[in-house]
Amino acid sequence: MDADQSLPVGGYDNNFMCETDKYNCPVCLLVLRNPMQTSCGHRFCQTCIDRVIGKSTMLKCPVDKQFSKLNQIFPDVAIRREVMSLPVRCSQDECLWEGDLRGYESHIETCEMEEVVCPFGCDVITRRRDVEDHVEKCLLRDIECEHCQEKIQYHKSEAHQSECLKVPMPCPLCSEEGLIREDLENHKCPVNGSCPETIVKCPYNKIGCDFATRRASMSDHIGSPKSIASHLDSVSKIITGHETSHRELKNMVARLTVRLESMESQARSWDRKVESWRKQLNNRNVTGQLHWKVEMRGRGEYYSNPFYTGCPGYKVQVDLDADVSRDGNIRFGLTLLRGDYDDQVMWPFNATGYITILDQKVGSKPKNYTANLVVREVPRNRQGNRSDRLFKRFLPKPIKRDEIIGQGSRFLKNGCLFLEVSVVHCVYPLPDTTGSHIASLTPVSLHAMQSPVAHSSPASPVFSLSSAVSLMQ
């Protein structure tokens with residue numbers, strides 16, 4: 001059983017007016033308080049039996065050593081009623097109260113003879129009837145400061161008076177009355193104060209006058225002819241210095257204005273360059289792949305956005321010639337352009353282009369049109385060619401116009417063709433990759449060199465330099 005920490009420990013130790021042996025607790029030997037009865041019939045105070053049980057699950061009776069289960073221990077209400085009816089007298093000296101134990105608990109809370117501690121915590125113990133007299137002279141009682149109305153303890157009143165900001169006190173310099181401590185420093189302030197005895201500086205100290213005297217005598221200094229002349233001379237020197245500084249600043253501003261205009265012009269020039277570079281970088285494709293949407297507006301040539309085969313890589317462009325007036329065919333071509341990485345890549349140019357026209361017909365298995373275009377041995381510069389277009393190669397196999405862009409073509413959607421183009425550059429002929437000199441072949445990757453597109457095949461026509469020149473002409 002857990003002991004209730006709020007209960008008094010042990011039994012009643014009152015001045016009983018009758019024999020109480022019948023009601024004594026075998027543990028504390030006092031009159032039973034909240035009596036509990038065991039299965040063997042013995043009675044104990046509730047707190048006493050709890051201490052005997054402790055954390056055990058059984059009680060060994062202190063009287064006859066018999067065991068009782070916890071659920072066999074119960075409050076003895078009848079004995080408790082008898083105990084509370086026992087006659088007692090007040091235990092306080094000079095108190096004449098008599099009654100039963102039940103009434104004593106109410107009486108003792110108001111007994112005038114009971115000793116109580118001071119309510120302010122001064123450790124003085126006095127009878128309840130004398131508490132009011134003690135409170136009036138207790139050193140820890142609260143009082144109100146007559147100046148600032150702050151609540152303080154009585155024994156701290158002297159110390160409070162020495163630091164209270166609302167205490168009246170005269171000025172120690174001019175003896176002016178009616179001031180309070182918190183306004184004293186403002187009264188004596190050399191700048192904004194009003195004390196006539198405070199030492200203050202001449203109001204013209206900012207222009208060089210170092211004179212200082214009592215505030216009451218400063219007017220004599222300011223009005224004297226000698227001081228006026230000195231002050232005017234100081235002002236004249238300052239004005240002359242300001243005029244010189246003004247001219248110097250004006251010249252400096254003029255120089256800075258010219259320099260600023262020049263810098264603004266340079267900044268605008270750089271802004272234009274940066275904007276141009278930004279557009280180039282935003283539009284630059286270095287993946288070697290192109291997704292091209294071609295809006296077919298009739299006959300003529302269509303050009304894709306230029307893109308690079310890598311970074312670094314070759315700059316190329318895809319052409320679509322839809323002019324069918326010659327033979328009723330359309331032609332796809334690959335153009336090699338001058339690029340930003342031409343100094344970093346290997347020449348001559350060798351590459352294979354993969355062109356796929358995507359099927360746009362819904363509801364059937366896609367039947368894309370694919371073709372490969374192989375380019376070989378194209379030099380960096382051809383004599384006499386100053387154009388950005390270094391070389392142009394068309395698919396040798398003709399493509400019927402009606403099949404691709406004719407009425408009902410499965411490749412057209414809302415008048416547009418959709419193409420996927422991939423260009424892989426390589427070394428041609430295939431180099432010996434077993435030797436240590438392979439490191440000098442970068443930036444071409446071994447994967448590109450060893451792929452099938454690095455060789456000609458019956459399905460991929462090889463285009464030589466001579467044939468390229470004839471087509472360009």
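It should be emphasised that the depicted structure is a prediction, and the values quoted were computed from it without experimental measurement. (Residues numbered from 1 in each chain as written. Predicted model: local features only at pLDDT ≥ 70, side-chain atom pairs only at ≥ 80, totals over all residues. Heavy atoms only, no water.)

Caption draft 1: Here's a closer look at a nonpolar patch on the surface. Where nonpolar side chains cluster on the molecular surface, the patch consists of Leu-249, Met-252 and Leu-256 and spans about 290 Å² of accessible area. Position of Leu-256 relative to the elements: it lies in helix α8 (residues 225-283). (Patch = residues over 30% accessible without salt bridge, like charges linked within 9 Å, V, L, I, M, F, W, Y side chains within 5 Å. Areas by Shrake-Rupley, 256 points an atom, 1.4 Å probe, with all protein chains shown as cover. Salt bridge = Lys/Arg side-chain N within 4 Å of Asp/Glu carboxyl O. Helix = DSSP H or I, 4+ residues; strand = E, 2+ residues; numbered from the N terminus.)

Caption draft 2: Examining the nonpolar core more closely. Among the nonpolar cores identified, the biggest contains 38 residues, and Leu-320, Phe-332 and Leu-417 are the most heavily contacted of them. The greatest single-element share of this core, amounting to five residues, is contributed by strand β21 (residues 369-378). Apart from the residues lying within four places of it in its own chain, the contact partners of Phe-332 are Asp-319, Leu-320, Ile-355, Ile-357, Arg-393, Phe-394, Leu-395, Ile-399 and Leu-419. Formed by 27 residues, the second largest nonpolar core is a distinct cluster that contains Phe-16, Cys-25, Val-83 and Met-113. (Core = buried A, V, L, I, M, F, W, Y, C linked by side-chain atoms within 4.5 Å. Buried < 20%, exposed > 50% of the residue type's maximum accessible area, 1.4 Å probe, protein only. Contact = heavy atoms within 4.5 Å.)

Caption draft 3: Expanded view of the sheet that holds strand β3 (residues 43-44). Spatial strand order, β3-β2-β6: three strands in an open sheet with antiparallel pairing. Both outer strands of the open sheet, β3 and β6 (74-75), are each paired with one neighbouring strand and no more. Summarising the sheet, strand β2 (residues 36-37) and β6 pair through two bridges and their orientation is antiparallel. The partner of Gln-37 across the bridge, within β6, is Phe-74. (Pairing = 2+ DSSP bridges.)

Caption draft 4: Structural view of the packing of aromatic side chains. Going through the model one piece at a time under the given rule, you end up with five aromatic pairs. For the ring pair Trp-270 and Trp-277, a centre distance of 6.2 Å and an interplane angle of 65° mean the geometry is edge-to-face. Given a relative accessible area of 47%, Trp-270 falls into the partly exposed group. Centre to centre, the rings of Tyr-308 and Tyr-341 are 4.9 Å apart; their planes meet at 65°, and the pair counts as edge-to-face. (Phe/Tyr/Trp six-rings, centres within 6.5 Å; stacked < 30°, edge-to-face > 60°.)

Caption draft 5: Region of interest: the side chain of His-231. Along the polypeptide, His-231 turns up in helix α8. Residue classification places His-231 among the buried positions, given a relative accessible area of 7%. For His-231, the residues in contact, after removing those within four places along its chain, are Cys-202, Tyr-204, Ile-207, Cys-209 and His-221.

Caption draft 6: Spatial organisation of the pattern of salt bridges. Enumeration over the complete set of coordinates arrives at 17 salt bridges. For Asp-340, the salt bridge is made with Arg-284, and the minimal N-O distance between the two is 2.2 Å. Highlighted residues: Asp-340 in the loop between β19 (329-337) and β20 (349-357) and Arg-284 in the loop between α8 and β15 (289-295), separated in sequence by 56 residues. As a salt-bridge pair, Asp-402 and Arg-401 come within 3.8 Å of each other at their nearest N and O atoms. For Asp-402, a relative accessible area of 59% puts it in the exposed group. Judged by relative accessible area, Arg-401 falls into the partly exposed class, the value being 28%.

Caption draft 7: View of the side chain of Thr-198. Within the element layout of this structure, Thr-198 appears in the loop between α6 (181-188) and β13 (199-201). At a separation of 3.3 Å, a polar atom in the side chain of Thr-198 contacts the main-chain carbonyl oxygen of Lys-188. In this structure, Thr-198 is in contact with Leu-173, Lys-188, Cys-189, Pro-190, Thr-213, Arg-214 and Arg-215, ignoring residues within four places of it in sequence. (Polar contact = N/O pair within 3.5 Å; in protein donor to acceptor, adjacent residues only side chain to side chain.)

Caption draft 8: Representation of the environment of Tyr-341. Mapped onto the elements, Tyr-341 comes out in the loop between β19 and β20. Judged by relative accessible area, Tyr-341 falls into the buried class, the value being 12%. A C-alpha to C-alpha distance of 7.8 Å links Tyr-341 and Cys-311, two positions 30 residues apart in sequence.

Caption draft 9: Here's a closer look at the pairing of strand β24 (residues 416-425). As defined by bridge partners, β15 adjoins β24 across seven bridges and the pair is classed as antiparallel. Considered in β24, the bridge of His-291 is made with Glu-420. Pairing of β20 with β24 involves seven bridges; the strand directions are antiparallel. Within β24, the position partnered with Ile-357 by the bridge is Leu-419.

Caption draft 10: Main features of the sheet that holds β15. Here we have four strands laid out as an open sheet, ordered β15-β24-β20-β21, and antiparallel in their pairing. Unpaired on one side and paired on the other, β15 and β21 mark the two borders of the sheet. With direction set aside, neighbouring strand axes in the sheet form an average angle of 20°. The pairing of β20 with β21 spans eight bridges and is classified as antiparallel. The partner of Ile-355 across the bridge, within β21, is Ala-371. (Axes fitted to C-alpha atoms, helices over the stretch in contact; angles between N-to-C directions.)

Caption draft 11: Fine view of unusual backbone geometry. Between Cys-311 and the following residue, Pro-312, the backbone shows a cis peptide bond with an omega angle of 0°. Checked against the element boundaries, Pro-312 lands in the loop between β17 (307-308) and β18 (315-321). Unusually for a residue other than glycine, Ser-175 sits at a positive phi of about 65°.

Caption draft 12: Geometry of the confidence of the model for the protein chain. Looking at the protein chain, the pLDDT average stands at 83 and 87% of residues meet or exceed 70. Across residues 435-473, where pLDDT falls below 50, the model places 69 contacts with residues more than four positions away in sequence or in other chains. (pLDDT = per-residue confidence, 0-100.)

Caption draft 13: Up close: the pairing of β19. When you tally the buried positions in β19, you get eight out of nine residues, the bulk of the element. As defined by bridge partners, β18 adjoins β19 across seven bridges and the pair is classed as antiparallel. Bridge pairing in β19 places Gln-317 opposite Thr-335. By the bridge criterion, two bridges tie β19 to strand β23 (residues 399-400) in an arrangement that is antiparallel. Residue pairing across strands places Asn-329 opposite Lys-400, the latter belonging to β23. Here β19 pairs with strand β22 (residues 389-394) via five bridges, running antiparallel. Counted as the bridge partner of Leu-337 is Arg-389 from β22.

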